[in-house]
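An overview of the molecular structure
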Amino acid sequence: MSILEKMQNIDRRYIYLAAWIFVLFPLFFPLGLPVPIGRESVAWFDYIEAIPDDSVIIVSMDYGVSGMPELYPMTVATMHHLWTNCQANNWKIIVLAFWNQGPLVFDTLLTQIDPAADYNVVYGEDWVELGWVPGAETGMAALATDMWSQTPRDYLEDRPLTEYPIMAEILTADDIDLVISIETGTPGLPEWLRQWNDPFGVPFIVGCIGVSVPGMAPYLSSGQLTALLPGLTASGEYELLLNRPGLAVAGLDAVSMSHLLVVLLVVIGNVSYFASRGKEVS
Amino acid sequence: MIPMWELIGVWTAVLMTLAIYSFLYGENPWYRLAEHIFAGVSVGYAVAFNLDYLRDQWVNKWSLSGTLVLLYMIAIFFGILWYARFSKKYFFAYRWTLAIIVGTGIGMALRTVIFTQFLNQIMAQARLSLWVPGDLLQSFSNTMIAIMVPCVLLYFWFTGPARDRGPMKYIEKFARYTMMAGFGAAFGYTVLTRYSLFIGRAQFLLGITPNPPEARMAFYVIAAAILITLFAKDHLFKKT
C-alpha cells in the first residue's frame, strides 16, 4: 500500500486520538491566542445594553444537559449581563423552559451564582423562575394567551404566582417586551416566530449551537430575529465584551486547535485523493 | 473538600463521560452500560417532570370546579390512549390521540407559518439593498443572496431536460454550487458544534473552574482503568 493510499485509510482511532491531543493540550497549557470580536457578539451585547427601562424579559432555557458544553457559558454570561442591569433599569426577568431539562440546567447555574448576593436582585420582585412549560409549540401558544394558567406556581420555591409581585401585571405575551431563547432545536426559533413574534410582535434574540446557525441566518437577514449568538466562540467573545472571562474563553484555544486539526485532515484527505487519482489516470 | 455524596457524583459523571467516549475505540460494555443508564435516567426524569406538571395543574386549576374536573379527566383519558399502540386489539384507539395531537399541532403552526416562514422571507428578499454604504462585505453578501436565492428556486422549479437548455444550463450549475456552499457551511458548523461539546466535557474532566477540581483525579484513574480493560479485552479476544 502506497503512502497516498495509507493517508486515505487512516484508522479512525488515530484521528480520535489526535482530536483528544489537540483539545487537551491547550487546556493543560493555555496558548493565549488572540480573540477577534465578531459582529454577532457585539450585536448581542449592544442589544442587551439598549433594552429600554421597565422592560419585561423572558429568558427561555430551550436546551438540555447535552447542549450545556456549548450553551451554558453564554447562558451564564447573559444572565450576568441581565442581573447586573436589572435594578438600575427596572427590568423584570422571567426564566422558563420549553425543554424539560431546562430547569435542571438553570439549577446548575444557581449553584454557581447567587443572584441575591452577587447582584442584589430579589426573587419574586426582580426575577422569577417559572420552570418547564410542556407541549412544545402548543404550550408556547397557550402561554402567550394565558401565562398564569400554564404555570400556576413558580419552579424555585413552588409557591402560587399570586405571591410574587413581579407577576401581578404579567398575564399574556402582550406584557412581554423581549424573549431571549437559548436553544438547541425544537421547540425553538420557528415556534417562537409562529406563536410569539408574528401574532404578538414580541421581539426576540437567540443564542444557539453552531449546527443551527445556517438555518437561522435567513431570519437574521430578514430582521425577524434581532440578534444571534452562535456557539462557543461567540460566547467567548461575549464574555470578553462583558470583561468577565469564563468557561467559553478558557475553551477558545482548544476551539482554535481543534479547527486546525480539521483543516489539516481535510487538506491531507484532499491532497492524497487528488494525487492518487492523478496516478491512476497516468 | 466537597462532601462525600458530591464526590461520588463527580466520579460517576467522569465515569459516564469516559464510558460514552470509549465508543471511539469501538463497541464495548462500558459504552453499553453508560448508554442504557443515560436512556433510563432521561426517560425517568421526563416522566417525573410530566407527573409533577400534571399535579400542579390539578391542584391549582382543574380541581376547582366540576366542569374542569371532567375536562381534565377527558384529557387524561386521551393521554392514556397513547399506550394503546402497544396492543394489537386496541391499536385503533391510539390513533384518536395521535389525530388530536397532529391536528392541533398543524392547525397551530399553519395559523402563522405562511407569514413567518414564507411571506416575510420573500418580502425581506425583495427589500434587500445591494449596496450598503461603508460595508463592502455586507454589500457582497446581499448581492450574492439576491442572485443565489432565485437560482436555487429555479433549479427546483424546472426539472428534467428543461434544466439543460438555454440559460437554465448556467443557472442550474450556479444553483448546485450555491447548495453545495450551503451544505458545506452546515457541515462546518456541525463539526464546530461537535468539537465544542467535546471541549466542554474536556473542561469538566480536567476540573477547569467552575467545574469541580476533583474531576481531574477521577479522570486520570478512570481513563486508565477503562483503557486497560479495553486493551485487555482486545488482547484476550485475539488470543482465543
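Calculation criteria
- Residues numbered from 1 in each chain as written.
- Chains lettered and ligands numbered in written order.
- Predicted model: local features only at pLDDT ≥ 70, side-chain atom pairs only at ≥ 80, totals over all residues.
- Helix = DSSP H or I, 4+ residues; strand = E, 2+ residues; numbered from the N terminus.
- Buried ≥ 20, exposed ≤ 12 C-beta atoms within 10 Å, placed from the backbone.
- Contact = placed C-beta atoms within 7 Å.
- Expected span 1.5 Å × (residues − 1).
- Domains from an automatic or database assignment.
- Axes fitted to C-alpha atoms, helices over the stretch in contact; angles between N-to-C directions.
- Parallel < 35°, antiparallel > 145°, perpendicular 65-115°, else oblique.
- Left-handed = near helix turned anticlockwise from the far one by under 90°.
- Nonpolar A, V, L, I, M, F, W, Y, C, P; charged D, E, K, R; others polar.
- Pairing = 2+ DSSP bridges.
- Core = buried A, V, L, I, M, F, W, Y, C linked by C-beta atoms within 7 Å.
- pLDDT = per-residue confidence, 0-100.
- Right-handed = clockwise from strand over helix to strand, strands pointing away.

A word on the overall build of chain A
A count of helical and extended segments in chain A gives twelve helices and six strands. Dimensions of chain A along its principal axes, counting C-alpha atoms only, are 80 × 40 × 30 Å. Per-residue burial over chain A gives 42% buried out of 282 residues. Taking as baseline every contact in chain A between residues at least 6 positions apart, the subset at least 24 positions apart corresponds to 75%.

Some points on the interface of chain A and chain B
Across the boundary between the two partners, chain A contributes 44 residues, which contact 42 residues of chain B. Among the secondary structure elements, those contributing two or more residues to the side of chain A that touches chain B are helix H2 (12–28), helix H4 (68–89), helix H7 (136–145), helix H9 (189–200), helix H10 (213–222), helix H11 (231–241) and helix H12 (247–281) of chain A. Here the side of chain A that touches chain B gets seven residues from one element, more than from any other, and that element is H12 of chain A.

As for helix H1 (residues 4–21) of chain B
Residues spaced three or four apart along an α-helix face the same direction, because each turn holds 3.6 residues. If you check H1 of chain B, its first and last C-alpha atoms are 26 Å apart, about what 18 residues at 1.5 Å a residue would give, namely 26 Å. Inspection of H1 of chain B places Val-10, Val-14, Leu-15, Thr-17, Leu-18, Ala-19 and Tyr-21 of chain B among the buried residues, and these make up the whole buried set.

As for helix H3 (residues 66–80) of chain B
A rise of 1.5 Å per residue sets the reference length of H3 of chain B, with its 15 residues, at 21 Å; its end C-alpha atoms lie 21 Å apart and thus fit the reference within 8%. Along H3 of chain B, only zero of the 15 residues are buried, which leaves the element largely exposed.

A look at the domain arrangement of chain A
Taken domain by domain, chain A consists of domain 1 (3–30 + 254–281) and domain 2 (39–245). Of note, the centres of domain 1 of chain A and domain 2 of chain A, computed from C-alpha atoms alone, are 39 Å apart.

Regarding the packing of H7 of chain A against H9 of chain A
Residues and elements named next belong to chain A. Taken N-terminus to C-terminus, the directions of H7 and H9 make an angle of 20°; their axes are 8 Å apart at the nearest point. Comparing their axes, H9 and H7 come out roughly parallel. For H7 against H9, the interelement crossing comes out right-handed. Contacts between H7 and H9 involve Ala-136, Glu-137, Met-140, Ala-141 and Ala-144 from the first element and Glu-191, Trp-192, Arg-194, Gln-195, Trp-196 and Phe-200 from the second. In terms of residue class, the contact of H7 with H9 is made up of seven nonpolar, one polar and three charged.

Looking at the sheet that holds strand S2 (residues 92–97) of chain A
Residue and element names in this part refer to chain A. What the six strands build is an open sheet, ordered S3-S2-S1-S4-S5-S6; its pairing is parallel. What marks the edges here is a single partner per strand, and that holds for strand S3 (127–132) and strand S6 (228–230). Across this sheet, the average inter-strand angle for adjacent strands is 15°, counted without regard to direction. Relative to strand S5 (residues 204–208), strand S4 (residues 178–183) is paired through five bridges, and the arrangement is parallel.

Some words on the nonpolar core
Judged by nonpolar contacts, the single largest core of 92 residues is most densely connected at Met-61, Ile-93, Val-95, Val-179 and Phe-204 of chain A together with Val-14 of chain B. Looking at which element gives the most residues to this core, the answer is H4 of chain A, with ten residues. Those residues in contact with Val-14 of chain B that sit more than four places away from it in its chain are Leu-205, Ala-215, Ala-218, Phe-219 and Ile-222 of chain B.

Here's the deal with the environment of Pro-52 of chain A
The topology assignment puts Pro-52 of chain A in the loop between helix H3 (39–49) and strand S1 (56–62). A C-alpha to C-alpha distance of 9.1 Å links Pro-52 of chain A and Asp-177 of chain A, two positions 125 residues apart in sequence.

Details of the confidence of the model for chain B
All names here are of chain B. Confidence along chain B averages 92 in pLDDT terms, with 99% of residues attaining 70 or more. Considering each helix and strand of chain B separately, the mean pLDDT is smallest for helix H7 (residues 214–239), with a value of 91, and largest for H1, with 95. The complex model carries a pTM of 0.91, and its ipTM stands at 0.90.

Topic: the pairing of S5 of chain A
All names here are of chain A. The buried fraction of S5 is high, at five of five residues. Between S4 and its parallel partner S5, the chain crosses via H9, and the hand of that crossover is right-handed. Examined bridge by bridge, S5 and S6 share three bridges and lie parallel to one another. Residue Gly-207 lies in a different strand from S6, and its bridge partner there is Leu-229.

Topic: the pairing of S1 of chain A
All names here are of chain A. Burial analysis of S1 places five of its seven residues in the buried class, the great majority of the element. In terms of strand pairing, S1 meets S2 through five bridges, oriented parallel. Bridge assignment links Ile-57 to a residue of S2, and that residue is Ile-93. Following the chain from S1 across H4 to the adjacent parallel S2, one finds a crossover that is right-handed. Sheet topology note: the S1/S4 ladder contains six bridges and is parallel. Bridging across to S4, Met-61 finds its partner in Ile-182.

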